[in-house]
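What follows is the residue order along each chain.
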Amino acid sequence: SSKKLFSVFPSGTGNVGIGTVSPLARTHLVGAGTGTGLTFLTADSSNNHRFAVLDNGNVGIGTTGPGYAMHINTASPTIRIQPTSGEATLSLFKSGSVEWTIATGSVSGAATGLVIGNDGNARVNINNSGNVGIGTAQPTSLFAVNGAAAIGDAYADGAATTPSNGLIVQGNVGIGTSTPGATLQ
């Protein structure tokens, strides 16, 4: 028996099927299996492969062998998210829930600029003036921290107690000198 690889149904649905005689959409492609075989491939006029979809659902731009759900392989890959109105947002999910969000506008009231947050809360804000805020939605100085801050190896892994609100520094602190000889100089 012969297998139809290309079907057009002008009467009825108007759907086109490649690899299927029962297309479910205007264009319906069925791959050769469920693995890493190519289901869809585009190329430019010089036959350079530009866009590929594998049977397993992986999408490749600049590669015909994407190893991930989205795999971009070009000399200078750039992803552009440009809303027609509102804010541009990239949300990273884990187990069906938003884990982290990067946005150009706001996450729970953060100032306009670049915002990185999780659980609906802004964690780091860089406003349009270049001010960086940690724990504050609207940093008014070049670097603003709302809450406790700790500097030094002893505090890096949580082994030493840090203040609940304030700053603690391991080692000598110099004001106006790069080689302090005392705890505070």
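The model shown is predicted, which means the values in this text are computed figures rather than measured ones.

It is worth spelling out the overall build of the protein at this point. The secondary structure content of the protein amounts to one helix and 15 strands. When burial is assessed residue by residue, the protein has 17% of its 185 residues classed as buried. A sequence separation of at least 24 residues applies to 2% of the contacts in the protein between residues at least 6 apart.

Ordered by their spatial adjacency, six strands build an open sheet running E8-E9-E10-E11-E12-E13, and the pairing between neighbours is mixed. Only two strands of the sheet have a single partner each, and these edge strands are strand E8 (89–94) and strand E13 (143–145). Averaged over all neighbouring strand pairs, the angle between strand axes comes to 15°, with direction disregarded. Bridge count between strand E10 (residues 113–118) and strand E11 (residues 121–127): six bridges; the pairing is antiparallel. Of the residues in E11, the one forming a bridge with Gly-117 is Ala-122.

What follows concerns the layout of surface pockets. In this structure, the largest pocket encloses a volume near 160 Å³. Looking at the lining of the largest pocket, the elements with two or more residues in it are E8 and strand E9 (97–103). Considering only residue class, the lining of the largest pocket consists of seven nonpolar, two polar and no charged.

On to the sheet that holds strand E5 (residues 49–54), then. A sheet is described by the order of its strands in space; here four strands give the open sequence E4-E5-E6-E7, paired in mixed fashion. Looking at which strands have only one partner, the edges of the open sheet turn out to be strand E4 (38–43) and strand E7 (70–72). Geometrically, the sheet is characterised by an average inter-axis angle of 10° between neighbouring strands, direction not taken into account. Pairing geometry for strand E6 (residues 59–61) and E7, over three bridges, is parallel. Across the sheet, the residue bridging to Ile-61 is Ile-72, located in E7.

With that settled, consider the side chain of Asn-127. With respect to the helices and strands, the residue Asn-127 is situated in strand E11. At 3.1 Å, the side chain of Asn-127 forms a polar contact with the backbone oxygen of Pro-139.

Turning our eyes to something else, we now look at the confidence of the model for the protein. Per-chain confidence: the protein averages 82 in pLDDT, with 89% of residues scoring 70 or above. Mean pLDDT across the secondary structure elements of the protein bottoms out at strand E1 (residues 6–8), with 62, and peaks at E6, with 95.

Before going further, it helps to spend a moment on the pattern of salt bridges. Across all of its chains, the model carries one salt bridge by this definition. The salt bridge partner of Asp-44 is Arg-50, with a shortest N-O separation of 2.6 Å.

Turning our attention to the pairing of E11. With antiparallel pairing between neighbouring strands as the criterion, E10 and E11 make up a hairpin whose turn holds two residues, including Asp-119 at a positive phi of roughly 55°. Where E11 and strand E12 (residues 132–134) come together, three bridges link them in antiparallel fashion. Across the sheet, Asn-125 pairs through a bridge with Gly-133, a residue of E12. Hairpin connection between E11 and E12: a loop of four residues separates the two successive antiparallel strands, and Gly-130 in this loop has a positive phi of roughly 90°.

Okay, the pairing of E9 next. Bridge count between E8 and E9: six bridges; the pairing is antiparallel. Following the sheet pairing, Thr-89 is matched in E9 by Ala-103. Counted between consecutive antiparallel strands, the loop separating E8 from E9 contains two residues, among which Ser-95 sits at a positive phi close to 55°. Two elements, E9 and E10, share three bridges in a ladder whose sense is antiparallel. Across the sheet, Ala-103 pairs through a bridge with Val-115, a residue of E10.

Criteria and thresholds
Residues numbered from 1 in each chain as written. Predicted model: local features only at pLDDT ≥ 70, side-chain atom pairs only at ≥ 80, totals over all residues. Heavy atoms only, no water. Helix = DSSP H or I, 4+ residues; strand = E, 2+ residues; numbered from the N terminus. Buried < 20%, exposed > 50% of the residue type's maximum accessible area, 1.4 Å probe, protein only. Contact = heavy atoms within 4.5 Å. Pairing = 2+ DSSP bridges. Axes fitted to C-alpha atoms, helices over the stretch in contact; angles between N-to-C directions. 1 Å grid on protein atoms, 1.4 Å probe; cavity = no way out; pocket = protein on both sides within 12 Å on 5 of 7 lines; lining within 4 Å. Points joined across faces, edges and corners; volume = space filled by probe spheres on them. Nonpolar A, V, L, I, M, F, W, Y, C, P; charged D, E, K, R; others polar. Polar contact = N/O pair within 3.5 Å; in protein donor to acceptor, adjacent residues only side chain to side chain. pLDDT = per-residue confidence, 0-100. Salt bridge = Lys/Arg side-chain N within 4 Å of Asp/Glu carboxyl O.

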